[in-house]
Amino acid sequence: MPRPYNHMLNVELTDGTIYELVNVTNDFDYDNEGLVSGVSLIALPANTEFSADGTADMKGNAPVLIGQGASQLSRFEGNKSVLAVRVVASDGATAIDETTLSNSMYGNGVDTVNMVSQYKACSYGKFNVVKAPNRNGGNATISNGVVTISLPSISIAQGHGTFRNALTRELNQVFGVDHPDKLADYGIYCLPVGTYSPDGTDNGIAYAYINNWLSIFNDDWCESVSLQMHELGHNLNLGHSFENGVVYEDQSGIMGASYPNKNGPRFCFNAAKSWQTGWYRDKSITINSSGANTCFDGILHGVADYPIATTVLLKIVNGSGNEYYVNFNARKGLNLGTQEAGNQVTVVTRPRGVRDSYAESELVAKLGSGETYNF
């Protein structure tokens, strides 16, 4: 049961196709049904109508939670493979060729800053993006982590929902699998310009499903390093970063705004997301106003100094419904391109919960020398 950040309810079928549920009964409370994105198993009424455009008409009914699947607590560790998919449609194609797309995502000794290099740098080798294994499907070949799929019966005007599920089915058929996750842990579909909106405005740049295998990109954004990391971050269960209540406004880390740059900027995640990944757990301290450890007095280092640092992250629990995360956003090395609050102490809050749970965050303070913030 994947769900994108805007809280639309989507359901993934066993073959990997994903449908947005529409015409759900008005009294269904999406956020209070015990649903966990990427984990919950739900049943749909027998009269549900699945459409080619990627929607499923619920006819005024509601989905029923029938169980919870396996958790993915190791998602931020180890090697994770990625498959990038180009498209040839009846009236257009993904403009970026296979070589350029592969270089932008995996580097290949050509692009020096890329999704592979930056995830490896930010995690200090704990989380590594690797290419999907090469594979010949007869009508298509996976090479260097990229494949081109032809959909001659589909036109750009049919939109991204139609392309999304058609690509999934074609991957399954061409390579003889029952789900694209048999080809790679994560899939990135790079759609031709125009598929986001039939009127040609094409305002969307990308979206991803939370705690899921799939993300969808608008053609000319497929080379954006920050967007590649951002959407994969959603797949890894990371929420958006807000500031002043506005989504994307916290630009100190990857889960805020994205940039069209093809070789940067180099930066990592804000304090809340950095804590969630667990990459700096051995250099992190929890301060609890009602516990024994109520104070921190020392030097707070940036993630760029993690190997030699004594402390990188602080988590503050003070009895409210939120938790607060504090770091020094050092603008150097692997975080040289941070777009906000460089060389300042940042305070980020998110709802209280376990380390690995999905939650959006809010940047509430950017502190220079001598400045304070009251919790």
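Treat the numbers as computed from the prediction; the structure is a model and nothing was measured.

Peer 1: Got a minute to help me understand the state of the cysteines in this structure?
Peer 2: When the sulfur atoms of two cysteines share a covalent bond, that bond is a disulfide. Counted according to the given criterion, the structure contains two disulfides. The disulfide partner of C190 is C222, and the gap between their sulfur atoms is 2.2 Å. Disulfide C190 to C222: torsion about the S-S bond roughly -125°, handedness left-handed. Here C190 is found in strand β12 (residues 186-191), whereas its partner C222 is found in the loop between β14 (214-218) and α4 (225-235), with 32 residues between them in sequence. Across this residue pair, the class does not change: C190 and C222 are buried.

Peer 1: Which parts of the structure should I look at to understand the pattern of salt bridges?
Peer 2: Pairing between side chains of opposite charge can happen when their charged atoms approach one another. Evaluated as defined, the whole model comprises nine salt bridges. E223 is paired through a salt bridge with K262; the nearest N and O atoms lie 3.5 Å apart. Of the two residues, E223 is situated in the loop between β14 and α4 and K262 in the loop between β16 (246-247) and α5 (271-277); the sequence distance between them amounts to 39 residues. Of the charged contacts, one joins E340 and K366 as a salt bridge, the two residues approaching to 2.9 Å between their closest N and O atoms. Separated by 26 residues along the polypeptide, E340 in the loop between β19 (322-328) and β20 (345-351) and K366 in strand β21 (residues 361-367) bring together distant segments of the chain. Owing to a relative accessible area of 12%, E340 belongs among the buried residues under this scheme. K366 gets classed as partly exposed once you look at its relative accessible area, which sits at 34%. Residues participating in the shared-partner salt-bridge network are E49, D57 and K59.

Peer 1: It is not clear to me how the sheet that holds strand β2 (residues 18-22) should be interpreted in this structure. Could you clarify?
Peer 2: Pairing between the strands of a sheet comes from backbone hydrogen bonds, and it takes one of two forms, parallel or antiparallel. With respect to topology, four strands assemble into an open sheet ordered β1-β2-β5-β4, the strand pairing being mixed. Because the sheet does not close on itself, it has two edges, and the strands there are β1 (10-12) and β4 (49-50). As judged from the three bridges shared by β2 and strand β5 (residues 55-57), these two strands associate in the parallel manner. Within the sheet, the bridge partner assigned to E20 lies in β5 and is T55.

Peer 1: Would you mind going over the packing of helix α2 (residues 115-123) against α4 with me for this structure?
Peer 2: The geometry of a pair of packed helices is captured by two quantities: the angle between their axes and the separation between those axes. Contact geometry of α2 with α4 gives a least axis separation of 9 Å together with a crossing angle of 60°. What the angle tells us is that α2 and α4 run oblique. Judged by the twist between their axes, the crossing of α2 over α4 is right-handed. For the pair formed by α2 and α4, the contact residues are M115, Q118, Y119 and C122 on the first element and V225, Q228, M229, L232 and G233 on the second. Of the residues in the contact of α2 with α4, the class split is six nonpolar, three polar and no charged.

Peer 1: I keep staring at the side chain of T148 and nothing clicks. Help me out?
Peer 2: Its location among the elements puts T148 in strand β11 (residues 146-151). Of the polar contacts made by the side chain of T148, one reaches the side chain of R86; its length is 2.8 Å. A distance of 2.6 Å separates the side chain of T148 from the side chain of E98, its partner in a polar contact. For T148, the residues in contact, after removing those within four places along its chain, are R86, V88, E98 and A140.

The rules behind the values
- Residues numbered from 1 in each chain as written.
- Predicted model: local features only at pLDDT ≥ 70, side-chain atom pairs only at ≥ 80, totals over all residues.
- Heavy atoms only, no water.
- Disulfide = S-S within 2.5 Å.
- Helix = DSSP H or I, 4+ residues; strand = E, 2+ residues; numbered from the N terminus.
- Buried < 20%, exposed > 50% of the residue type's maximum accessible area, 1.4 Å probe, protein only.
- Salt bridge = Lys/Arg side-chain N within 4 Å of Asp/Glu carboxyl O.
- Pairing = 2+ DSSP bridges.
- Axes fitted to C-alpha atoms, helices over the stretch in contact; angles between N-to-C directions.
- Parallel < 35°, antiparallel > 145°, perpendicular 65-115°, else oblique.
- Left-handed = near helix turned anticlockwise from the far one by under 90°.
- Contact = heavy atoms within 4.5 Å.
- Nonpolar A, V, L, I, M, F, W, Y, C, P; charged D, E, K, R; others polar.
- Polar contact = N/O pair within 3.5 Å; in protein donor to acceptor, adjacent residues only side chain to side chain.

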